[in-house]
Amino acid sequence: AAEPVHAAVPPTTAADTARALALALDEASRHGLTGLHEAGVPMDAFSLYAAAIDAGRFPLRLTGMIGPDELDAFADAHPGGLAHPSGRLRVRTLK
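Description of the structure in this document. (Residues numbered from 1 in each chain as written. Predicted model: local features only at pLDDT ≥ 70, side-chain atom pairs only at ≥ 80, totals over all residues. Heavy atoms only, no water.)

**What about the overall build of the protein chain?**
- Helices and strands together make up the secondary structure of the protein chain, namely four helices and three strands.
- For the protein chain, the N- to C-terminal ordering of α and β elements is α-α-β-α-β-α-β.
- For the protein chain, the spread of C-alpha atoms along the principal axes amounts to about 40 × 35 × 20 Å.
- Looking at the protein chain residue by residue over its 95 residues, the buried ones come to 22%.
- Taking the intrachain contacts of the protein chain between residues at least 6 apart in sequence as the baseline, contacts between residues at least 24 apart amount to 81%.
- A total accessible area of about 6400 Å² is found for the protein chain, and carbon and sulfur atoms account for 58% of it.
- Side-chain charges in the protein chain split into 8 positive and 11 negative, and the spacing between the mean points of these groups amounts to 12 Å. (Helix = DSSP H or I, 4+ residues; strand = E, 2+ residues; numbered from the N terminus. Buried < 20%, exposed > 50% of the residue type's maximum accessible area, 1.4 Å probe, protein only. Contact = heavy atoms within 4.5 Å. Areas by Shrake-Rupley, 256 points an atom, 1.4 Å probe, with all protein chains shown as cover. Lys, Arg positive; Asp, Glu negative; His and termini not counted. Charge placed at Lys NZ, Arg CZ, Asp CG, Glu CD.)

See the structure below:
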């Protein structure tokens, strides 16, 4: 029953995603959150998170979980390892 609704929703743009992240980070900070665990992080989200960290706009420490089928792709995309040099973003588990 949900499929017609999902089909009617327009695709999300990169600008939409960046704005949603900025709003979520502001909300998390407003409530005093300093760290999160996120299950099932999409590969493209890591790049968005890293860009926010590099720009000084990511006040959290986030431990992300990726699927086992994504491990090789993640390692190829992030040759520095499974953590951002800042320590604010890391992968410690597979989902």
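Text resumes after the structure shown.
**Quick word on the sheet that holds strand E2 (residues 61-66)**
- Taken in spatial order, the three strands of this open sheet run E1-E2-E3, and their pairing is parallel. At either margin of the open sheet sits one strand with a lone partner, and together these are strand E1 (35-38) and strand E3 (89-94). Neighbour-to-neighbour, the strand axes of this sheet turn through a mean angle of 20 degrees, independent of strand direction.
- In this sheet, E3 lies alongside E2 in parallel orientation, the contact comprising five bridges. Residue pairing across strands places glycine 64 opposite valine 91, the latter belonging to E3.
- Its contacts with the sheet place helix H3 (residues 43-54) against E1, E2 and E3, and it is angled at close to 150 degrees to E3. (Pairing = 2+ DSSP bridges. Axes fitted to C-alpha atoms, helices over the stretch in contact; angles between N-to-C directions.)

**Quick look at the packing of aromatic side chains**
- Under the definition given, this model contains one aromatic pair.
- When the ring of tyrosine 49 is compared with that of phenylalanine 58, the centres are 5.6 Å apart and the planes differ by 45 degrees; the resulting orientation is tilted.
- Looking at phenylalanine 58, the relative accessible area reads 5%, which means it is buried. (Phe/Tyr/Trp six-rings, centres within 6.5 Å; stacked < 30°, edge-to-face > 60°.)

**Side note on the pairing of E1**
- As judged from the four bridges shared by E1 and E2, these two strands associate in the parallel manner. Within E2, the position partnered with leucine 36 by the bridge is leucine 62.
- At this point the chain moves from E1, through H3, to the parallel E2, and the crossover so formed is right-handed. (Right-handed = clockwise from strand over helix to strand, strands pointing away.)

Keep in mind these numbers describe shape, not what the thing actually does.
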